[in-house]
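Summary of the model geometry
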Amino acid sequence: MLHGLTRFGELYDAAVTRFGGRARPGSARDALWLDVVERAEVADGVVSLRLGGRALPPWQPGCHLDLHLPSGLRRQYSLCGDPAAPTYRIAVRAVGSGSHEVQALKIGDRVQVRGPRNAFPFAGIGPVLFVAGGIGITPILPMVHAAARAGLDWRLVYCGRSTKAMPFLDELPIGRADIRIGRGGPLLADAQPGGAVYCCGPASMLDQVRAEFSSRWLHFERFSPPPIVGGRPFTVELRRSGVSLDVPADRSALDVIRDFRPSVAYSCRQGFCGTCEVGGVRICVDRPSSDRLVLEEL
């Protein structure tokens, strides 16, 4: 089984690379200073920003940017525009201090970014079903357009609390999108055997998708980390800081480290997974086999 899973991972990576993507997040590029060149409210509580002002590194569907905000906060947002456009577009829902700070940016303001990086690559293999919940449409939208351009057999289920709260409804290709208010009924009714499913949304949506799922091609991003079940306490040592922190059984290393250092990078509360990796350890979910975890880089 392990060999089969490893082989599948290699096949997926090869498919992503052929499509023009990058199969793993990799390291962030050098920082860029970009200007806000356009700002628009695209749904209730959702602001879209276009960033540009210089030649930009290329990106593929699923990529995100790290924004380094003037307050010192660092947040990650999906690129949701056209990869061929001369600007980067992000869309931000007001859910916390970081998002409010991003939404307060005005045309002409300059912001530091790193990326783009891809923790949610689109393999470009059909048939494919996309499932998005609310602001989860942001990484899914470029995938939908890529699938349409490639002539893939695709469908989209897009759920939200109201049409006014759902960004980019007017940008969806016509005819293959199932727009739902609420999340009644199965989400994967249109999924085909052997096909791929890409999902981005809240934890409850991911739980429903995984409960319905029957194919091996499942790709998803989280708005929150998976719950800790059967955990036990341990100590995390931040070697560079010279600090040891106690992690209780019902919390993650990320939660405890953020109490000590709020600026530590993470993204699972914005819809990504992988950004909080430190020295090969995902501090939002990984727990050590012993009673001590040492992080050299923190």
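Residues numbered from 1 in each chain as written. Predicted model: local features only at pLDDT ≥ 70, side-chain atom pairs only at ≥ 80, totals over all residues. Heavy atoms only, no water.

1. A short note on the overall build of the protein
Note the cut-off: Per the convention used, a helix needs a DSSP run of H or I reaching at least four residues, while a strand needs a run of E reaching at least two, with both numbered from the N terminus. Burial classes follow relative accessibility: with a 1.4 Å probe on protein chains only, a residue under 20% of its type's maximum area counts as buried, one over 50% as exposed, and anything between as partly exposed. What makes two residues a contact is simply this: any of their non-hydrogen atoms within 4.5 Å. Using a 1.4 Å probe, the Shrake-Rupley method yields the accessible areas, and only the shown protein chains count as cover for residues.
Helix and strand counts for the protein stand at 5 helices and 16 strands. Expressed as a percentage of its 298 residues, the buried residues of the protein come to 49%. Residue pairs at least 24 apart in sequence account for 60% of intrachain contacts in the protein once pairs closer than 6 positions are excluded. Summing over all exposed atoms, the protein offers an accessible surface of approximately 13,600 Å²; the carbon and sulfur share of this is 52%.

2. With respect to unusual backbone geometry
The amide bond that connects Gly115 to the next residue, Pro116, takes the cis arrangement and shows omega of 0°. At the junction of Gly126 and Pro127, the peptide bond is cis and its omega measures out at -5° in the coordinates. Within the chain, Phe168 stands out as a residue other than glycine whose phi angle is a positive 70°.

3. Here we look at the sheet that holds strand E12 (residues 234-238)
Applicable threshold: A pair of strands is treated as paired once DSSP finds two or more bridges between them. In this description, a line fitted to the C-alpha atoms serves as the axis of each element, helices being fitted only across the stretch in contact, and the angle between N-to-C directions of two axes falls anywhere from 0 to 180 degrees.
Taking strand neighbours across the sheet as the criterion, the 3 strands line up as E13-E12-E16 in an open arrangement whose pairing is mixed. At either margin of the open sheet sits one strand with a lone partner, and together these are strand E13 (243-247) and strand E16 (292-295). Neighbour to neighbour, the strand axes of the sheet diverge by 20° on average, direction disregarded. Sheet topology note: the E12/E13 ladder contains 5 bridges and is antiparallel. Note that in E13 the partner of Val236 across the bridge is Leu245. The sheet strands contacting helix H5 (residues 253-260) are E12, E13 and E16, and the helix crosses E13 at an angle near 130°.

4. Describing the packing of aromatic side chains
So the rule is basically this: Stacked, edge-to-face and tilted are the three classes for Phe, Tyr and Trp ring pairs, Trp counted by its six-membered ring, which pair at centre distances within 6.5 Å; planes under 30 degrees apart are stacked, over 60 edge-to-face, the rest tilted.
Under the criterion given, the structure shown has 4 aromatic pairs. Here Phe122 and Phe130 contribute two aromatic rings whose centre-to-centre distance is 5.8 Å and whose plane-to-plane angle is 55°, an arrangement assigned as tilted. Overall, the relative accessible area of 2% leaves Phe122 in the buried class. With a centroid separation of 5.9 Å and an interplanar angle of 40°, the aromatic rings of Phe130 and Tyr198 are classed as tilted. Here the residue Phe130 occupies a position in strand E7 (residues 128-133), and Tyr198 occupies one in strand E10 (residues 196-201), the gap between them amounting to 68 residues. Residues Phe130 and Tyr198 agree in their burial class; the two are buried.

5. Considering the sheet that holds strand E2 (residues 46-52)
Read from one edge of the open sheet, 6 strands run E4-E3-E6-E1-E2-E5, paired in antiparallel fashion. Each edge of the sheet is formed by a strand with only one pairing partner; in this case those strands are strand E4 (74-78) and strand E5 (88-93). Strand after strand, the sheet turns through a mean of 40° between neighbouring axes, direction not considered.

6. Considerations on empty space enclosed by the protein
Operational definition: In this analysis a 1.4 Å probe is tested at points of a 1 Å grid over the protein atoms alone, and where it fits but cannot get out there is a cavity; an open set with protein on both sides within 12 Å along at least five of seven lines is a pocket; lining residues have an atom within 4 Å of a point. Grid points are joined across faces, edges and corners, and a volume is the space filled by probe spheres set on the points. Three categories are distinguished: nonpolar for Ala, Val, Leu, Ile, Met, Phe, Trp, Tyr, Cys and Pro, charged for Asp, Glu, Lys and Arg, and polar for the others, with Gly belonging to the last.
Under the counting rule described, the total for this entry stands at 1 cavity of 30 Å³ or more. Lining the largest cavity, in full, are Pro127, Val128, Leu129, Asp153, Trp154, Arg155, Asp190, Ala191, Gln192, Gly195, Ala196 and Val197. Those elements giving two or more residues to the lining of the largest cavity turn out to be E7, strand E8 (154-160) and E10. A class-by-class count of the residues in the lining of the largest cavity yields 7 nonpolar, 2 polar and 3 charged.

7. Regarding the environment of Asp170
Its location among the elements puts Asp170 in the loop between E8 and strand E9 (177-181). Residue Asp170 is classed as exposed on the basis of its relative accessible area of 72%. Distance from Asp170 to Val42, taken between C-alpha atoms, is 9.9 Å for residues 128 residues apart in sequence.

All we've got here are geometric facts, nothing functional implied.
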